[in-house]
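Chain by chain, the residues run as shown.
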Amino acid sequence: MAASCGSVRRRAFFYTANEVVLTAWAIWILAGIGALTGLWDQRMRASTLFLAGFLFFSVLAMCPGFYFRPHYFIFVLPAVSLLAGVAISKLTAILERRLILIRFVPLLLFAVALSLPILLDKKIFFDVSPNQACGLIYPQNPFLESVRIGSYVREHTEPGDTIAVLGSEPEIYFYSHRHSATGYIYTYGLMEPQKYAQQMQQEMIREIEAARPKYLISVAVVYSWLRRPDSEQAIFTWANEYMTENYAPAALVNIKPTETDYFFGDIPPPVEALKDYILIYRRNL
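The following paragraphs examine the structure supplied in this document. Predicted, not measured: the structure shown is a model, and the values here were computed from it.

### Some remarks on the side chain of S231
Here is step 1 of the chain: Note on placement: S231 falls in the loop between α13 (222-225) and α14 (234-246).
Here is step 2 of the chain: Take S231: its relative accessible area is 7%, and that puts it in the buried class.
Here is step 3 of the chain: A polar side-chain atom of S231 sits 2.6 Å from the main-chain carbonyl oxygen of M191.
Here is step 4 of the chain: One polar contact links the side chain of S231 to the main-chain amide nitrogen of R228, over a distance of 2.8 Å.

### Some points on the environment of E245
Here is step 1 of the chain: You can see E245 is positioned in helix α14.
Here is step 2 of the chain: Along the chain, E245 and L216 lie 29 residues apart, while their C-alpha atoms are 13 Å from each other.

### Regarding the sheet that holds strand β2 (residues 179-180)
Here is step 1 of the chain: One open sheet accounts for six strands, arranged β2-β1-β3-β6-β4-β5; its pairing is mixed. Each of the sheet's edge strands pairs with one partner strand only, and the pair in question is β2 and β5 (260-264).
Here is step 2 of the chain: Bridge analysis of strand β1 (residues 162-166) against β2 gives two bridges, and the strand direction is parallel. For T162, the partnering residue across the bridge sits in β2 and is H179.

### Points about the packing of aromatic side chains
Here is step 1 of the chain: Inspection of the entire model under this criterion finds 15 aromatic pairs.
Here is step 2 of the chain: Between the aromatic rings of F125 and F126, the centroid separation amounts to 6.4 Å while the plane-to-plane angle is 50°, which identifies the pairing as tilted.
Here is step 3 of the chain: Look at F126 and you get exposed, because its relative accessible area is 59%.
Here is step 4 of the chain: Here the aromatic rings of W238 and Y242 are separated by 4.9 Å at their centres, their planes lie at 20°, and the arrangement is stacked. Here W238 pairs with Y242, and both are found in helix α14, just four residues apart, close to one helical turn. As far as burial versus exposure is concerned, W238 and Y242 are alike and both buried.
Here is step 5 of the chain: What links up through ring pairs into an aromatic cluster is the set F13, F14, F66, F68 and F73.
Here is step 6 of the chain: Looking at R69, its charged tip hangs above the ring of Y188, at a distance of 4.9 Å from the centre.
Here is step 7 of the chain: Residue placement shows R227 over the ring face of F236; its charged tip is 3.7 Å from the ring centre.

About the cut-offs
Residues numbered from 1 in each chain as written. Predicted model: local features only at pLDDT ≥ 70, side-chain atom pairs only at ≥ 80, totals over all residues. Heavy atoms only, no water. Helix = DSSP H or I, 4+ residues; strand = E, 2+ residues; numbered from the N terminus. Buried < 20%, exposed > 50% of the residue type's maximum accessible area, 1.4 Å probe, protein only. Polar contact = N/O pair within 3.5 Å; in protein donor to acceptor, adjacent residues only side chain to side chain. Pairing = 2+ DSSP bridges. Phe/Tyr/Trp six-rings, centres within 6.5 Å; stacked < 30°, edge-to-face > 60°. Lys NZ or Arg CZ within 6 Å of the ring centre and 35° of its normal.

Below is the structure:
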């Protein structure tokens, strides 16, 4: 099982790294050239070694958990950018005694390298609103929906009330300005094939039952759980029973490919077949 898990994470790393590098391949090439020329040039060697160390520790910083999601690679971008700057600096030094037009080549090269990733994602940068851009970048995550859910919960609770989100959407706590009834604001670890999964689920259950949160938000979205065939199922069995006995449905957010339907207060019986959705439950008085 450990070997299989390691293989999956290696594939995840190379898949995501390939996606990240190809998006701004020109800058990464410049960074590689900067590293090589900086090490070759005795005057720049010390600073380049420092940047290489900076890059190494930046890579280590994105490794805890070994999930390697695309936004984790933000850690390495400062080091990569500085190494690309080394390449431009070295080229500028080489061409400083050339004709004035030739001396502009490094600046032109830098402008092209910087422009390519912007052009590749020009729709996100120039054609759509910030909300639409969020939907395009994260189409399978309920980030936009969490804003409205947070507002609804904030309007229907007191500052001292707690809530519980069954899923990995901690942004709902942020938008609602309400504290979590449980320390488990992410549930990915509860679904992993590891020996503490059942213990962690039981701990989350005990914390919620003890806190008696005013609202329970059940997130039925694949990417909020990353449930696997061999995942421990106890928390889902408990949630169905606990919510039926102690809570009443208060709202439904039905997430469809092109739009999202919000039903706050009154949930109509005939709702289109659900795929990704979020149910909000209010504790019975």
